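Descriptive analysis of the structure
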Amino acid sequence: MHISITDGLKKRFHTTCALRGLKMSHVVVGMIKQWLANKAHFVSELKRRETVVN
């Protein structure tokens, strides 16, 4: 995967991860998983509401 971010944002992210002893890729994977989990909850809630309405 390739993403485009500004050099400044990348440097801040790299520095913050390094200070915490984390790999940037691990943090990004964690954020993606969290985002997907939140979206899955949202989608399941929409499906539940559709079932109640129908």
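Note that this is a predicted model, so its numbers are computed, not measured. (Residues numbered from 1 in each chain as written. Predicted model: local features only at pLDDT ≥ 70, side-chain atom pairs only at ≥ 80, totals over all residues. Heavy atoms only, no water.)

What about the overall build of the chain?
Counting its secondary structure elements, the chain contains two helices and zero strands. Within the span of the chain, comprising 54 residues, buried residues form 2% of the whole. Surface summary for the chain: the accessible area is close to 5,300 Å², and the carbon and sulfur share equals 61%. (Helix = DSSP H or I, 4+ residues; strand = E, 2+ residues; numbered from the N terminus. Buried < 20%, exposed > 50% of the residue type's maximum accessible area, 1.4 Å probe, protein only. Areas by Shrake-Rupley, 256 points an atom, 1.4 Å probe, with all protein chains shown as cover.)

Brief notes about a nonpolar patch on the surface
Taken together, Met1, Ile3, Ile5, Leu9, Ile32, Trp35 and Leu36 make up a surface patch of nonpolar side chains, about 760 Å² in accessible area. In terms of residue count, the dominant contributor to the nonpolar patch is helix α2 (residues 24–53) (three residues). For Met1, a relative accessible area of 82% corresponds to the exposed category. (Patch = residues over 30% accessible without salt bridge, like charges linked within 9 Å, V, L, I, M, F, W, Y side chains within 5 Å. Salt bridge = Lys/Arg side-chain N within 4 Å of Asp/Glu carboxyl O.)

Concerning the layout of surface pockets
The computed volume of the largest pocket comes to approximately 240 Å³. Lining the largest pocket are Ile3, Ile5, Leu9, Lys10, Phe13, Met24, Ser25, Val28, Met31 and Ile32. If you list the elements that add at least two residues to the lining of the largest pocket, you get α1 (7–19) and α2. Classifying every residue of the lining of the largest pocket gives eight nonpolar, one polar and one charged. (1 Å grid on protein atoms, 1.4 Å probe; cavity = no way out; pocket = protein on both sides within 12 Å on 5 of 7 lines; lining within 4 Å. Points joined across faces, edges and corners; volume = space filled by probe spheres on them. Nonpolar A, V, L, I, M, F, W, Y, C, P; charged D, E, K, R; others polar.)

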